[in-house]
Amino acid sequence: IGWADPYHVVNDTPADLVAEMDKFGLDVCTVFGMQIMGDNDFSNDETLEVASAYPSRFLPFTFINPNYGEQAMLAELERGLSLGMKGVKLLPSSYGAYPVEGPAIEVPVRWAHEHRQIILSHTWGSAARIRDLCTRYPDACFIAGHSTPEFVDVCREVDNLYICTCPFLAWN
């Protein structure tokens, strides 16, 4: 939701987004902001505004940046929960300039586990890392926005990992 550089992010009205969803037969979709190094609060407020226009069609996720530190992340996650957000969105590594396997990733993962929420990350790093997180935080529902073929084996081992249908980050 909103505008972000260098990629096109849909900035249509909520009605326009629902019309596109209807065109493709989509009943519900997740939405989140893309303020990668900007103001998470503003981005999440925009997301909530869109989701509140069609609450049965949009599942809003709280976007957070691990670079802001534990206290700020937890405050925004709690604010998002109190406002009706249904999950967590991370965009570390190349976009968020934070290592995908860095220690601050544990903060939103632990929070998602404690609140039984979905947590979607652009990438989770290695198969060993996502296996470890899924095992230690079984009440979080992990979604890998991009992954590698090794994640298929992890999906067979744990019940709380889902692989997005975006292309694998690997060449065949």
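Residues numbered from 1 in each chain as written. Predicted model: local features only at pLDDT ≥ 70, side-chain atom pairs only at ≥ 80, totals over all residues. Heavy atoms only, no water.

## Let's talk about helix H3 (residues 70–82)
To be explicit about the condition: Counting from the N terminus, the helices are the DSSP runs of H or I reaching at least four residues and the strands are the DSSP runs of E reaching at least two. By definition here, a helix of n residues has an expected span of 1.5 Å times n minus one. Note on exposure labels: buried denotes an accessible area under 20% of the residue type's maximum, exposed denotes more than 50%, and partly exposed covers the range between, all computed with a 1.4 Å probe on protein chains only. Picture the helix axis, draw a direction to every C-beta atom, and the arc is the one those directions span. Contacts were defined at the residue level, with two residues in contact if any of their heavy atoms lie within 4.5 Å.
In this model, H3 (13 residues) spans 18 Å end to end at C-alpha, consistent with the 18 Å of a helix rising 1.5 Å per residue. Here H3 has its buried residues at Met 73, Glu 76, Leu 77 and Gly 80. When H3 is viewed along its axis, its buried side chains cluster within an angular range of 100° and face the same direction. For H3, the exposed residues lying more than 90 degrees away from the buried face are Gln 71 and Ser 82. Those residues of H3 that are buried are in contact with helix H2 (40–53), strand S2 (58–64), strand S3 (87–90) and helix H5 (106–115).

## What to know about the pairing of S3
The condition is simple: Between any two strands, pairing holds if DSSP finds at least two bridges.
Residues Gly 87 and Lys 89 line one face of S3 and the alternating positions Val 88 and Leu 90 line the opposite face, and both faces are buried. Where S2 lies against S3, 4 bridges are found, and the strand directions are parallel. For Phe 61, the partnering residue across the bridge sits in S3 and is Gly 87. Summarising the sheet, S3 and strand S4 (residues 118–121) pair through 4 bridges and their orientation is parallel. Bridge pairing in S4 links Gly 87 to Ile 118.

## Some points on the sheet that holds S2
Applied cut-off: Axis angles are defined between N-to-C directions and span 0 to 180 degrees, where every axis is a line fitted to C-alpha atoms and, for a helix, only to the segment in contact.
Ordered by their spatial adjacency, 6 strands build an open sheet running S1-S2-S3-S4-S5-S6, and the pairing between neighbours is parallel. Strand pairing shows two members of the sheet lacking a second neighbour, strand S1 (29–31) and strand S6 (161–163), which therefore form its edges. Averaged over neighbouring strand pairs, the angle between their axes works out to 25° when direction is ignored. Bridge count between strand S5 (residues 141–144) and S6: 3 bridges; the pairing is parallel. Within the sheet, the bridge partner assigned to Ile 143 lies in S6 and is Tyr 162. Sheet strands in contact with helix H7 (residues 150–157) are S5 and S6, and its direction is about 145° off that of S6.

## Brief notes about the pairing of S4
Formally: Crossovers are marked right-handed if the path from the first strand over the helix to the second runs clockwise, as seen with the strands pointing away from the viewer.
Sheet topology note: the S4/S5 ladder contains 4 bridges and is parallel. Bridging from a neighbouring strand, Ile 119 pairs with Phe 142 of S5. Between the parallel pair S4 and S5, the chain is carried across by helix H6 (residues 127–136), and the sense of this crossover is right-handed.

## A short note on the environment of Ser 126
Test applied: Whenever two N or O atoms come within 3.5 Å, that pair is a polar contact, provided that in protein one can donate a hydrogen and the other can accept it, and provided that, for residues adjacent in sequence, both atoms are side-chain atoms.
The residue Ser 126 is located in the loop between S4 and H6 in this model. Along the sequence, Ser 126 and Thr 148 sit 22 residues apart, while their C-alpha atoms lie 8.2 Å from each other. In contact with Ser 126, other than residues within four places in its own chain, are Glu 101 and Phe 151. There is a polar contact of 3.0 Å between the side chain of Ser 126 and the backbone nitrogen of Arg 129.

## A closer look at the confidence of the model for the chain
Any region with low pLDDT has predicted coordinates that should not be read closely. To be explicit about the condition: For every residue, the predictor states its confidence as a pLDDT score lying anywhere from 0 to 100.
Averaged over the chain, the pLDDT score is 88; the fraction of residues at 70 or greater is 85%. Averaged over each element, pLDDT in the chain is lowest for helix H4 (residues 93–96) (67) and highest for H5 (98).

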